[in-house]
Amino acid sequence: MLRATLKSLLARKLRLVLSGLAVVLGVMFVAGAFVVTDTLSRSFDTIFADAYSTTDVGVTAKPRIAVDELEGEEVAAPLPAAAIEKIRATAGVRSAVGLVEADGARVIGSDGKVLTSMGPPRMGTVWTGTDDLVQLREGRGPAADGEIAVNATVAKAAGITVGDRVGVLTLEPRKEFTLVGVWGYSGDRDSLGGVQEVAFTEPVAQRLMLGATGVYSSVRVQAGDGVTPEQLRDALVPALGADYVVRTGAQMAEENAAGLQQGLSFFNRILLGFAGVALFVGVFLILNTFSIIVAQRTRELALMRALGASRRQVVTSVLVEAVVIGLLAAVLGLAAGVGVGWLLADLFGTFGGGGLQLAPVGVPVAAVISSFTVGVLVTVVAAVLPALRASRIAPVAAMQDVATPDRPLRTISVAGGAVTAAGAAALGTGLFADAGGADLWLILGGVLVSFVGIALLTPLISRPVVGLLGRLFSWSLPGRLGRLNSGRNPRRTAITAAALMVGIALVTGVTVIMDSAKSSLKAEATRILKAEITISGDQNGPRPPTYDPAVVRAAADLPRVRSAAGMWSDQVVIDGKRQSADATDDLPRLADAFGVTAAPLKDGEMTVSVPRAAENGWAVGDVVTVQAARGDPHKYTIVSTFAEDVLPANILLPATAARDFGISQPSLGFVRLDDGVAVSAVLPQVKALLADSPEVTATDSAAFIDQQAASFDTVITMIQILLALAILIAVLGVVNTLALSVLERTRELGLLRAVGLGRAQTMRMVTVEAVVISVFGALLGVVVGAGMGTAVTKALEGEGITDLVLPWTRMGTYLALAAVVGVIAAVLPAIRAARLDILGAIAHD
């Protein structure tokens, strides 16, 4: 029986390829996710190992506010010079060098634009000379306060050379320096992981990057002869006390790498989530393929039963075929996944890592285990139902020509209704009820179960809907034949369409949610924002773009300007709890920019929104302790509260508090004009004030609101790209169904050709069938996705999503693209059908 199964499989190579292709693509995505994260992880491990290769022990002060890697940037607490002297006096220390290293040194290139970064920091450092790692390529290190050196990555990206005057943005507004040197790293590297670096003299680096002179961000310590890094660390811990963190260089490399691992694991989970969607769609394809194969092999399987094969042997025969296909698909998918993983890592290194030098591509054990587990498991699970159906074939079927009857839809429809109801219940519970932390899993599980239920219900509606869609093409004989073919087997049509439905439904649902959120945001912003001009910039890293606070004061003095105010933002700790806080230089003017009134804030006073006050149990008159990223804690009295969504903040402090913020310059500004003044009359003057703040620009408020809302379109585009694989697998399902149907209908096609159906008409007939199935699947996806998106949007009304927007244009585009996809999917099956030898087809058994 096993030999017969393998011979049957090898005799039908096309069936083998079509069955395994979906699994190959799904496994490719899974393996690629593990390969890319493993490659990037090892690449960053190498970078951090190199960065701390000259450090035996590193010493830092405990930060004022601990910030998680994914939550933002942690500001190093200043380390006084006295601590360095204490380190040098400790036994076993050969040398101790104070370092200044902080993110936020933004170089202005020769084109007048600030160098951006898609991930790596833009570090400002103190020049400490060359060593085995740091190597000068041009010029020298900075020796005077007006001089800087940069690494080769900055020099190339900014288009600057030794001798140029270069503008740099730091904690202070733009400063001009003379470039005196360019350095690189051992191994002919321009940077470590794409980090942009600017080196100053020590007092300048301290003032511009740490906000005070005489302090350092860390100390690099080298051990004396015969002293290990671990021994030196253990000696420094008691000498320095609990206010300092002492680690070996190896520990620092491991901890920095571990912080990045958190981000990479999040990225990995996203990729695996979309791989899961692709594999879920692939189950429909494989299920349909094996169902068609079993139908085509009815006589063969019945003959085996007649010769003595048991039902168990028939089931085993089909499942062995599935295992073989799964194994082959897993091998090919793993190989393809290695290639895709390397490509994604290379793209990340080029565009997201600023020239990251990648570690050699490897194949992690997790990728191998996952590939074979997923490949075989998905294929076998999808083949179970067809295998059971094959075992029920009666031996008498071998004695005669039998058409596989279309079974009643009552059972599958009842099951579909029950499963859909269960999925809807789980989805509703997750969206509208308090599930005690299980909300996300209920929503995801509800969506998955709902898709399965809708797929089971699809055969019930496929015949009438497909018949209705097919009437659009019934003006010709091939069109009528194609319409009839697409509706002759509701189950087959439904499964094929359901595969396409999943991808389209997810895209449509996300689009409904994002468009509704965007519309709600724009409506709310337009309602509350009364300022006609906004100062802001595009944030493409952990630090927001900032500008000189003097700009706001100058803007307020412009003719025809009613008010102008700036805003600073950072994380603070209030009474031991970390919170997001903002500061403003003029609360009454900021309130006026939003159409409300407020009293000025004095030093030591703060105002909070009503919801934030209730959340923390605060009341007017309460005194709280606020610890910012720099400086000592300060006492603030809550002097007022304001209604929710009246101001663009929940906690507002006076501008003096911003001196201790991690970013001590404003990131937003609002300018309100006198009544009746045109924006065009004042906007050029505000833009002129920002000449030395190239990170930001002044725009009319409508453009600012559109800019903020554009992020929703970015999310939609990303999801469309990631779901493209699932949709591609669904398209392959259409190709697969048509190709196997052409094989199944070989004699029928030969008879049609014999009675006068031409080759072109045959191709049109197959194409109509493909288009009808594709449009049916897309129509299902649009309807289901719109329904799910509407449910989620309604559930989020309490979160501010008050508008429901159905993206009719996008949904119409999806339907049109489905028709195009149907035409493309029909090309090869149509050509095969048209090329059939008439006599051979009529004689086909």
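Throughout what follows, the structure given in this document is the object of discussion.

Rules of the game
Residues numbered from 1 in each chain as written. Predicted model: local features only at pLDDT ≥ 70, side-chain atom pairs only at ≥ 80, totals over all residues. Heavy atoms only, no water. Helix = DSSP H or I, 4+ residues; strand = E, 2+ residues; numbered from the N terminus. Expected span 1.5 Å × (residues − 1). Bend = angle between axes of the 7 residues up to and from the residue. Buried < 20%, exposed > 50% of the residue type's maximum accessible area, 1.4 Å probe, protein only. Core = buried A, V, L, I, M, F, W, Y, C linked by side-chain atoms within 4.5 Å. Salt bridge = Lys/Arg side-chain N within 4 Å of Asp/Glu carboxyl O. Phe/Tyr/Trp six-rings, centres within 6.5 Å; stacked < 30°, edge-to-face > 60°. Pairing = 2+ DSSP bridges. Axes fitted to C-alpha atoms, helices over the stretch in contact; angles between N-to-C directions. Polar contact = N/O pair within 3.5 Å; in protein donor to acceptor, adjacent residues only side chain to side chain. Contact = heavy atoms within 4.5 Å. Patch = residues over 30% accessible without salt bridge, like charges linked within 9 Å, V, L, I, M, F, W, Y side chains within 5 Å. Areas by Shrake-Rupley, 256 points an atom, 1.4 Å probe, with all protein chains shown as cover. Left-handed = near helix turned anticlockwise from the far one by under 90°. Nonpolar A, V, L, I, M, F, W, Y, C, P; charged D, E, K, R; others polar.

### A look at helix H14 (residues 490-528)
At step 1: With 39 residues, H14 extends 54 Å between its outermost C-alpha atoms, agreeing within 8% with the 57 Å of an ideal straight helix rising 1.5 Å per residue.
At step 2: Along its length, H14 reaches its greatest deviation from straightness, about 30°, at Met501.
At step 3: Counting buried positions along H14 gives 30 out of 39 residues, so the element sits mostly inside the fold.

### Some words on the nonpolar core
At step 1: Counting 96 residues, the largest nonpolar core has Phe284, Phe451, Met501, Val502 and Ile729 as the members making the most contacts within it.
At step 2: In this structure, Val126, Ile160, Leu208 and Val219 belong to the second largest nonpolar core, which totals 42 residues.

### Some words on the pattern of salt bridges
At step 1: Counted under the stated rule, the structure contains 24 salt bridges.
At step 2: In this structure, Lys518 and Asp713 form a salt bridge, with 2.9 Å as the shortest nitrogen-oxygen distance. With Lys518 in helix H14 and Asp713 in helix H19 (residues 701-722), this residue pair connects regions lying 195 residues apart in the sequence.
At step 3: Accessibility expressed as a relative area gives 25% for Asp713, which makes it partly exposed.

### A closer look at the packing of aromatic side chains
At step 1: This model, assessed by the stated rule, comprises three aromatic pairs.
At step 2: Ring geometry for Phe177 and Phe200: centres 5.4 Å apart, planes at 65°, overall edge-to-face. In this pair, Phe177 sits in strand E10 (residues 175-185) while Phe200 sits in strand E11 (residues 196-200), placing the two residues 23 residues apart along the sequence.
At step 3: Given the relative accessible area of 4%, Phe177 is considered buried.
At step 4: When its relative accessible area of 0% is taken as the criterion, Phe200 is described as buried.

### Focus: the sheet that holds strand E1 (residues 57-61)
Sheet strands pair via backbone hydrogen bonds, and the direction of the pair is either parallel or antiparallel.
At step 1: Taken together, four strands build an open sheet; the order of strands is E3-E13-E1-E14 and the sheet is antiparallel. Because the sheet does not close on itself, it has two edges, and the strands there are strand E3 (93-99) and strand E14 (244-248). The sheet shows a mean angle of 20° between the axes of neighbouring strands, taken without regard to direction.
At step 2: In this structure, E3 lies alongside strand E13 (residues 218-223), joined through six bridges in antiparallel fashion. Counterpart to Val97 in the pairing with E13 is Arg220.

### Quick notes on the side chain of Arg106
At step 1: One can find Arg106 in strand E5 (residues 106-108).
At step 2: When its relative accessible area of 2% is taken as the criterion, Arg106 is described as buried.
At step 3: Reaching out from Arg106, the side chain makes a polar contact with the backbone oxygen of Gly104 at a distance of 2.7 Å.
At step 4: In this structure the side chain of Arg106 is engaged in a polar contact, spanning 2.9 Å, whose partner is the side chain of Thr546.
At step 5: Each residue touching Arg106, except ones within four places of it in the same chain, is listed here: Val114, Arg122, Gly167, Val168, Leu169, Thr170, Arg543, Thr546 and Glu695.

### Concerning the environment of Val318
At step 1: Inspection of the secondary structure puts Val318 in helix H9 (residues 311-352).
At step 2: Relative accessible area serves as the criterion here: at 2%, Val318 is assigned to the buried category.
At step 3: As a C-alpha pair, Val318 and Ser609 span 291 residues in sequence and 65 Å in three-dimensional space.

### Considerations on the pairing of strand E21 (residues 651-654)
At step 1: Neither face of E21 is open: one carries Ile651 and Leu653, the other Leu652 and Pro654, and all of them are buried.
At step 2: The sheet contact formed by strand E17 (residues 577-584) and E21 spans three bridges and is parallel. Considered in E21, the bridge of Ala583 is made with Leu653.
At step 3: Here strand E18 (residues 605-609) runs beside E21; their pairing, made up of two bridges, is antiparallel.

### Considering unusual backbone geometry
At step 1: One non-glycine residue, Arg560, lies in positive phi territory at about 70°.
At step 2: By secondary structure assignment, the location of Arg560 is in the loop between helix H15 (550-556) and strand E16 (561-574).
At step 3: Although it is not a glycine, Asp575 adopts a positive phi angle of roughly 50°.
At step 4: Along the chain, Asp575 turns up in the loop between E16 and E17.
At step 5: We classify Asp575 as partly exposed; its relative accessible area is 48%.

### Focus on a nonpolar patch on the surface
At step 1: A grouping of Trp342, Leu343, Leu344, Leu347 and Val361 is seen on the molecular surface, where their side chains present a nonpolar patch of about 410 Å² in accessible area.
At step 2: Position of Leu344 relative to the elements: it lies in helix H9.
At step 3: The exposure class assigned to Leu344 is partly exposed, which follows from its relative accessible area of 31%.

### Quick look at the side chain of Ser609
At step 1: Summarising the element assignment, Ser609 is placed in strand E18.
At step 2: Excluding anything up to four places from it in sequence, Ser609 contacts Phe642 and Asn650.

### Considerations on helix H5 (residues 202-210)
At step 1: All buried positions along H5 are accounted for by Val204, Ala205, Gln206, Leu208, Met209 and Leu210.
At step 2: Where the residues of H5 are buried, they touch strand E4 (101-103), strand E6 (122-126), E10, E11 and strand E12 (215-216).
At step 3: In the stretch just after H5, Gly211 is the one whose phi turns positive, near 85°.

### Points about the packing of helix H22 (residues 759-795) against helix H24 (residues 827-834)
At step 1: Where H22 contacts H24, the axes come no closer than 8 Å and their chain directions differ by 145°. H22 and H24 meet at a crossing whose hand is right-handed. The residues of H24 that touch H22, namely those facing Arg759, Thr762, Met763, Val766 and Thr767, are Pro829, Ala830, Ile831, Ala833 and Ala834.
At step 2: The residue inventory of the contact of H22 with H24, partitioned by class, reads seven nonpolar, two polar and one charged.

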